[in-house]
Amino acid sequence: MTRTRIFKKTKDRFRKSMRRVVKDLSRRVLVYKQPIRQECPNCYYDKLTGRSTGKCRWTLEEAEQKQAEHELVYPGQIRYKWFRVGRCPICLGKGVLEVKRKKWVDCLVVWNPSDRYSNEITFTPAGTEGSTLVQLKTDIKYFDLFKNCEYVEVDGVECKISNPPIVRGLGNHTLLIVTGFTTDKPKDNSGEKLKEYS
Ligand SMILES: [Zn+2]
């Protein structure tokens with residue numbers, strides 16, 4: 001058997017086992033993208049002040065009609081509500097609505113990665129000393145998602161991303177490594193503590 005073939009076999013085995021590991025052990029992490037800001041559909045936006053003009057776009061009948069149509073597509077979501085003048089009840093006077101966008105991503109999650117992983121953490125940003133680190137390993141297709149995200153939610157804990165994601169591995173068999181930090185503690189731990197002291 002040639003060297004190349006052995007190498008290929010090893011790589012195949014590595015890829016298969018990595019796939020299995022990622023599949024078996026991964027958890028769902030919620031990634032919050034940058035919110036989209038859109039003009040309020042209910043009032044007129046004032047470009048000069050960057051706020052609502054305090055005037056409704058619709059008559060009472062129009063607003064009711066619009067809302068009824070909207071509810072067919074987005075049950076329970078209120079986007080149209082007539083008001084005479086003053087603070088718009090939809091955007092609360094801001095003139096814009098922020099739409100939160102999020103995506104579930106399967107990741108291998110390691111809280112407080114130990115020393116043997118530390119070469120994968122390139123730096124710890126200033127001001128995060130004493131915070132809890134979390135390391136996520138996932139598919140490299142999520143590079144842009146993690147790079148541009150606002151924050152992530154791991155095991156119910158909000159974490160900021162501490163540096164751009166790192167790509168590690170060989171050829172097609174690469175992994176994306178994301179380091180996050182939080183000053184909160186994972187919920188599992190706090191549950192144990194509560195038990196301990198109650
Ligand atoms: Zn409004």
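Positions within a chain are numbered from 1, following the residues in the order the chain's sequence is written. Predicted model: local features are reported for residues with pLDDT of at least 70 only, side-chain atom pairs are reported and counted for 80 or more only, and whole-chain, interface and lining totals are derived from all residues. Heavy atoms from the whole structure form the basis of all side-chain values; hydrogens and water molecules are not counted.

**Q** So what about the overall build of the protein? Which residues, and what values?
**A** Labels follow the DSSP assignment, with helices taken as runs of H or I lasting at least four residues and strands as runs of E lasting at least two, numbered in each case from the N terminus. When you go through the protein residue by residue, the secondary structure sums to 4 helices and 9 strands. For the protein, restricting intrachain contacts to residue pairs at least 6 apart in sequence, the fraction spanning at least 24 positions comes to 66%. Counting every atom, the protein has about 13700 Å² of accessible surface; 51% of that belongs to carbon and sulfur. By definition, residues are in contact when any of their heavy atoms lie within 4.5 Å. Accessible surface is estimated by sampling points in the Shrake-Rupley manner with a 1.4 Å probe; for residues, cover comes only from the protein chains shown.

**Q** So what about the packing of aromatic side chains? Which residues, and what values?
**A** A pair of aromatic rings is counted whenever rings of Phe, Tyr or Trp (Trp by its six-membered ring) have centres within 6.5 Å, and the orientation is called stacked for planes under 30 degrees apart, edge-to-face for over 60 and tilted otherwise. Tallied over the entire structure, the rule returns 2 aromatic pairs. Where Trp 58 meets Tyr 80, the ring centres are 6.0 Å apart and the plane angle is 65 degrees; that geometry is what we call edge-to-face. Linking Trp 58 in the loop between strand 3 (51-56) and helix 2 (60-73) with Tyr 80 in the loop between helix 2 and strand 4 (96-111), this pair joins segments that are 22 residues apart in sequence. The exposure class assigned to Tyr 80 is buried, which follows from its relative accessible area of 16%. To sort residues, take the accessible area from a 1.4 Å probe on protein chains only and compare it with the maximum for the residue type: under 20% means buried, over 50% means exposed, and anything in between is partly exposed.

**Q** Go over the coordination of the zinc ion, please, and point to the residues and values.
**A** Every protein donor of the zinc ion is accounted for by Cys 40 (SG), Cys 43 (SG), Cys 88 (SG) and Cys 91 (SG), and the metal-donor separations fall at 2.3 to 2.4 Å. Relative to the metal, the 4 donor atoms surrounding the zinc ion lie at angles of 105 to 114 degrees, and the coordination shape comes out tetrahedral. For Na, K and Ca the donor cutoff is 3.2 Å, while for all other metals N, O and S atoms count as donors only within 2.8 Å; water does not appear among the atoms, so some sites may look incomplete. The sequence pattern describing where the donors of the zinc ion fall on their chain is C-x2-C-x44-C-x2-C. Here Cys 43 is found in strand 2 (residues 43-46), whereas its partner Cys 91 is found in the loop between helix 2 and strand 4, with 48 residues between them in sequence. The exposure classification of Cys 43 matches that of Cys 91, with both residues buried. Donor angles set the geometry label: tetrahedral for four donors if every angle is between 85 and 135 degrees, square planar for four and octahedral for six if opposite donors exceed 155 degrees and the others are between 65 and 115, irregular for anything else.

**Q** Give a description of the environment of Leu 97 that names residues and reports values.
**A** Residue position: Leu 97 is located in strand 4. Under the relative-accessibility criterion, Leu 97 is labelled buried at 11%. Residues Leu 97 and Gln 38 lie 59 residues apart in sequence; the distance between their C-alpha atoms is 5.4 Å. If near-sequence neighbours (up to four positions away) are discounted, Leu 97 is found in contact with Ile 36, Arg 37, Gln 38, Cys 40, Pro 41, Arg 79, Ile 90 and Cys 91.

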